[in-house]
Each structure stands twice: as C-alpha cells, then as structure tokens.
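# Structure assessment
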Amino acid sequence: MASRAGAVAGSGKGKNKVANEESGAEESVDSMMGRLNLLADETEVVEMSDDEEVTVTIPVKWSLIGKVLSPSITHIQSIRAAMKPAWGNPKGMKCRPVKDNVFIADFANKVDMEKALERLPWMVWRHAVLVQELDVKLRPSYVEFVSMMIWVRILNLPFEWMNNTKGLKIAKLTDKGCRLDVDESGDAAGCFLRVRVAIPLDKPLRRWITTTKNKVEVRFNLQYEKLPFYCFSCGLIGHGDLECVSPTFRDSEGKLPFDRLLRAPEERRQKLQSFSQAAASAS
C-alpha cells in the first residue's frame, strides 16, 4: 500500500511538473511574441535629409565643444563661471553640458568664438580646458580631443638660429605645422624662440630638442606657457603623479622624469615708464 501511495504521489508530482513546464512554455512563447512585437515597432524608419525645408527659423549659432582634462568631475556651473570672464564676458554666451567634463559653448557671434580659439590653452583650477569648433553632424560618442594648442619656448638658442629659417627647422621637431613668433623680417626677440604648436595628448610632454653640428650634440630645453596640470611621472597632461596609472620609478636622487621646470615662469606686468622717468628713478 505504501508503495502504491508513493507511486500515486509520484505520478501527481509528475503531472504537476508537466503542468509547470507547459505553463513556462506558454510564458516563454508570450514573452517571445512580445519581443517580436517590439522589434516590429522598431523597424519604423524616419527619413532625414539635409535638403528638407525648415518651417521654423533657427538662429545661427557659433559653437565650440570643450572638455576639462581632470580626473574629477567639474560641474557645468563651475565651467561657465570660469570661462565666461576668461573669454571677455561675451554677450549672449551660454554653456550646456554634454557628459562628464564635456560641454558646448554657444556664442552670439563669430568674433567672440574665434577669440576663445585664439588664446588656447584655457584652464580651470590649473586643469586644461580644450575647445574646438563644434561639428553638429557628429554624435557625442564620436567627438575626440587629440591635441592641445600651446606656446612653447626653445631656450638659449644661438642668435643665428633665432629666426624664421634655421629656427623653424629646429621648431618643426616639436610640430611640423608649428608657427614662430617673429617680426616682419622673420627675427625673434628675447632669449628664447617662441613657437605655437599642437601637442598630442596621448604622448608625454617633450622636454628638450637635440641638435647636432660638426658631430657635436647640443640639447636645448623646452618650457611651456600656461601649462596646465600634468604628471611628473608619465608626462601626460590631465592628471598628477598620484593618479597616474603607469607610474615610473624615481632616480637615485628621488626625482621623477618630469618636473615643474617645464612650466614657463609667468611674466610679471610692470608699470611702463618713460626713459627719463626710469633714469630719474635710478639716480
């Protein structure tokens, strides 16, 4: 009797199992049909064209897209508060966020936009702010910031190289498309050659240029004006040595490969005096 009862119970469990499987099968079929219906809705296509007529007048925008090179998030309010006065408080300018540390700056006219492009690099709390013209046909995920415009100084060159001929040949080691800061006759002033370059953001900062003459190599150090936050360990812009993912070892003197000497000293503005005033103050 016990065995027969067990058999009956077992058969009952078997029926329940079959019923559950059938129920699960029905649910899976329903869910599959739901997915099929969803996919059917997703097959609808909207045809877009650059030639279609626009019934609403869209105001012309002069826009830049920018990025703050910082390991931490900088809020759009902070970006706007820092960049608007730096750009001369242009009338009608607004900033809108795209994603973390990426933003769009809209200007009321082309002149204000070009001013923001001319005086790169910009900084927020010593972090680089990269800006470039916005291509409205790009998707946000396709926007890339691969280089940064900056003025670099080649220090202590011979006077005969401080010009737009031999000096340009040397400067092209930093960037083949560089531009020299020279006068109308092609000569540079000061004790260094000033060069406008685009430095790649995925490579370490260059520390010097090496020349050879009569089989003698000479190294000329580089300094960067308005150099943003950079890593003393790997030499990349955008983070410090504490956040570096590929740190290097210190040398026997405890020094890292890069140091603060790469940053050009800021020039102090002094009140201009006439020659007679200067002579009188010196007497």
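Located above this text is the structure these notes cover.
Okay, so let's go over this structure. Because the structure is a prediction, the values reported are computed rather than measured.

### Observations concerning the nonpolar core
- Counting residues in each nonpolar core, the largest one holds 35 residues, and the members touching the most others are Ile154, Val195, Tyr224 and Ile237.
- Only β3 (102-107), β5 (127-133), β6 (147-155), α4 (166-171), β8 (192-200) and β10 (216-224) provide two or more residues apiece to this core.
- Once residues within four sequence positions are removed from consideration, Val195 is found in contact with Ile150, Trp151, Val152, Ile154, Ala171, Cys178, Arg179 and Leu180.
- In terms of nonpolar packing, the next biggest core, distinct from the first, is built from 18 residues, Met93, Ala105, Phe107 and Ala116 among them.

### As for the environment of Val68
- As for its placement among the helices and strands, Val68 is situated in strand β1 (residues 62-68).
- The buried category is assigned to Val68, whose relative accessible area is 2%.
- Between the alpha carbons of Val68 and Val129 there is a distance of 4.5 Å; along the sequence they are 61 residues apart.
- Excluding its chain neighbours within four sequence positions, the residues that come into contact with Val68 are Thr74, Ile79, Asn101, Phe103, His127, Ala128 and Val129.

### What to know about the packing of aromatic side chains
- Summed over the entire model, instances satisfying the criterion amount to four aromatic pairs.
- Seen from their ring centres, Trp87 and Phe107 are 5.4 Å apart, and the 50 degrees between their planes marks the pair as tilted. Of this pair, Trp87 sits in the loop between α2 (76-86) and β2 (94-99) while Phe107 sits in strand β3; the two residues are 20 residues apart in sequence, bridging distant segments of the chain.
- Seen from their ring centres, Trp161 and Phe220 are 6.0 Å apart, and the 70 degrees between their planes marks the pair as edge-to-face. Taken as a pair, Trp161 in the loop between β6 and α4 and Phe220 in strand β10 lie far apart in primary sequence, 59 residues in all.
- In this structure Phe220 comes out as buried when scored by relative accessible area, which is 8%.
- Here the aromatic residues Trp87, Phe107 and Trp122 are joined through ring pairs into a cluster of three or more.
- Over the ring of Phe258 we find Arg207; its NZ or CZ atom is 4.6 Å from the centre of that ring.
- Against the face of Trp208 rests Arg219, its NZ or CZ located 3.8 Å from the ring centre.

### Overview of unusual backbone geometry
- The amide bond that connects Leu120 to the next residue, Pro121, takes the cis arrangement and shows omega of 0 degrees.
- Examined against the element boundaries, Pro121 turns out to sit in the loop between α3 (110-118) and β4 (122-124).
- Despite not being glycine, Asn89 shows a phi value in the positive range, around 50 degrees.
- In this structure, Asn89 sits in the loop between α2 and β2.

### Describing the sheet that holds β6
- Spatial ordering of the open sheet is given by β7-β8-β6-β10-β9, a layout of five strands whose pairing is antiparallel. Looking along the sheet, the strands with just one partner apiece sit at the ends: β7 (179-180) and β9 (208-213).
- Pairing of β6 with β10, which is carried by three bridges, proceeds in the antiparallel orientation. Pairing of Arg153 across the sheet is with Gln223, part of β10.

Reading guide: rules and limits
Residues numbered from 1 in each chain as written. Predicted model: local features only at pLDDT ≥ 70, side-chain atom pairs only at ≥ 80, totals over all residues. Heavy atoms only, no water. Core = buried A, V, L, I, M, F, W, Y, C linked by side-chain atoms within 4.5 Å. Buried < 20%, exposed > 50% of the residue type's maximum accessible area, 1.4 Å probe, protein only. Helix = DSSP H or I, 4+ residues; strand = E, 2+ residues; numbered from the N terminus. Contact = heavy atoms within 4.5 Å. Phe/Tyr/Trp six-rings, centres within 6.5 Å; stacked < 30°, edge-to-face > 60°. Lys NZ or Arg CZ within 6 Å of the ring centre and 35° of its normal. Pairing = 2+ DSSP bridges.

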